[in-house]
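Notes for the structure review
Residues per chain are reported as follows:
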Amino acid sequence: MPTIYDCAVRSFEAAAAVLMSLQQQRTNLVAEAGRCLDGKPKMLLDEGYNALAPKVGICIPGDARAEFAQAEDGLGLEFRNSGMTWMTIEGQLPQTDDEQTCYLDARASFPAPAIADVFLREFKADGSIADSLHQEWVLGAHRESLCSLVLPPSAKGVTGRRVIIHLRQPPLRFSFESLALTVV
């Protein structure tokens with residue numbers, strides 16, 4: 001008969017295996033974007049889509065200017081802009097034949113709570129795109145926030161998928177200490 005200690009060790013090992021599996025499914029979008037700085041003080045964003053790394057991109061409107069840099073406290077990234085009406089942060093998702101869930105977690109600092117629309121965008125072989133219905137995600141006040149998005153199986157003809165975090169009228173200055181997505 002196993003002892004309490006044996007049961008505790010097995011429970012710990014099972015929990016560690018689950019955490020290691022989840023860690024492999026996690027993409028730290030802030031860290032991926034931060035690698036683009038590569039010793040530079042800041043990164044200027046061009047209008048339209050900016051592919052920052054294989055798994056993350058940022059899109060800004062054509063009439064705006066924006067940049068990001070390492071936050072002053074060294075934790076995360078600070079964004080500055082010219083007064084944009086919107087901005088998207090986009091994370092690449094894997095193709096799948098199964099329904100999955102994408103969990104987004106963030107620690108953001110905005111002058112006031114901000115609303116983001118979160119949705120799935122699928123890119124098709126014919127050049128068209130299809131967006132899922134969005135859900136609102138409240139970010140801000142230097143606190144943790146979590147959002148989940150159900151991902152349907154990839155449709156036929158889909159060549160790529162992204163989760164889109166669409167910030168409505170982002171403030172002139174804000175920061176993300178962390179922003180990550182985990183697909184399970």
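Refer to the structure printed above.
A brief look at the structure comes next. What you see is a predicted model; the values in this text were computed from it and never measured.

The rules behind these values
- Residues numbered from 1 in each chain as written.
- Predicted model: local features only at pLDDT ≥ 70, side-chain atom pairs only at ≥ 80, totals over all residues.
- Heavy atoms only, no water.
- Helix = DSSP H or I, 4+ residues; strand = E, 2+ residues; numbered from the N terminus.
- Buried < 20%, exposed > 50% of the residue type's maximum accessible area, 1.4 Å probe, protein only.
- Polar contact = N/O pair within 3.5 Å; in protein donor to acceptor, adjacent residues only side chain to side chain.
- Contact = heavy atoms within 4.5 Å.
- 1 Å grid on protein atoms, 1.4 Å probe; cavity = no way out; pocket = protein on both sides within 12 Å on 5 of 7 lines; lining within 4 Å.
- Points joined across faces, edges and corners; volume = space filled by probe spheres on them.
- Nonpolar A, V, L, I, M, F, W, Y, C, P; charged D, E, K, R; others polar.
- Core = buried A, V, L, I, M, F, W, Y, C linked by side-chain atoms within 4.5 Å.
- Phe/Tyr/Trp six-rings, centres within 6.5 Å; stacked < 30°, edge-to-face > 60°.
- Lys NZ or Arg CZ within 6 Å of the ring centre and 35° of its normal.
- Pairing = 2+ DSSP bridges.

**Overview of unusual backbone geometry**
Its identity as a non-glycine residue notwithstanding, Asp-38 has a phi of 40 degrees, on the positive side. For Asp-38, the position within the fold is in the loop between helix H2 (29-34) and strand S2 (43-45). At Gln-169, a position not held by glycine, the phi torsion is positive, near 40 degrees. Relative to the helices and strands, Gln-169 resides in the loop between strand S13 (158-168) and strand S14 (173-183). A relative accessible area of 62% means that Gln-169 is categorised as exposed.

**Considerations on the side chain of Thr-96**
Summarising the element assignment, Thr-96 is placed in the loop between strand S7 (86-93) and strand S8 (100-109). Side-chain polar atoms of Thr-96 contact the backbone nitrogen of Asp-98, separated by 3.0 Å. Discounting residues that sit within four places of it in the chain, Thr-96 has contacts with Pro-152, Pro-153, Ser-154 and Arg-161.

**Description of the layout of surface pockets**
Volume-wise, the largest pocket comes out at about 150 Å³. If you go around the largest pocket, the residues you meet are Gln-24, Gln-25, Arg-26, Thr-27, Lys-55, Gln-92, Leu-93, Pro-94, Leu-181 and Val-183. Elements represented by at least two residues in the lining of the largest pocket include exactly strand S1 (26-28), S7 and S14. Taken together, the residues of the lining of the largest pocket break down into four nonpolar, four polar and two charged.

**A look at the nonpolar core**
Counting residues in each nonpolar core, the largest one holds 43 residues, and the members touching the most others are Phe-68, Trp-137 and Phe-176. The element that contributes the greatest number of residues to this core is S14, accounting for five residues. Ignoring any residue separated from it by four or fewer positions in sequence, one finds Phe-176 in contact with Val-30, Leu-75, Gly-76, Leu-77, Phe-79, Ile-89, Ala-106, Arg-107, Ala-108, Phe-110, Leu-139 and Leu-167.

**Remarks on the packing of aromatic side chains**
Tallying each qualifying case throughout the model produces six aromatic pairs. Measuring from ring centre to ring centre gives 5.2 Å for Phe-79 and Phe-174, while their planes differ by 10 degrees; the resulting arrangement is stacked. Separated by 95 residues along the polypeptide, Phe-79 in strand S6 (residues 77-81) and Phe-174 in strand S14 bring together distant segments of the chain. Exposure remark for Phe-174: the relative accessible area of 2% places this residue in the buried category. Ring geometry for Phe-110 versus Phe-176: centroids 5.9 Å apart, planes at 90 degrees, classification edge-to-face. Pair noted here: Phe-110 is in the loop between S8 and strand S9 (114-124) and Phe-176 is in strand S14, with a separation of 66 residues, a long-range link. Its relative accessible area of 6% is what places Phe-110 among the buried residues. When its relative accessible area of 1% is taken as the criterion, Phe-176 is described as buried. Over the face of the ring belonging to Tyr-49 we find Arg-162, whose NZ or CZ atom lies 4.2 Å from the ring centre.

**Section: the pairing of S14**
The buried fraction of S14 is high, at eight of 11 residues. Strand direction decides the pairing type here: S1 and S14, joined by three bridges, are antiparallel. Paired with Thr-27 across the bridge in S14 is Leu-181. Of the strand pairs in this sheet, S6 and S14 are connected by four bridges, and their pairing is antiparallel. Following the sheet pairing, Glu-78 is matched in S14 by Ser-175. Where S8 lies against S14, eight bridges are found, and the strand directions are antiparallel. Residue pairing for S14: Leu-104 is matched across the bridge by Leu-181.

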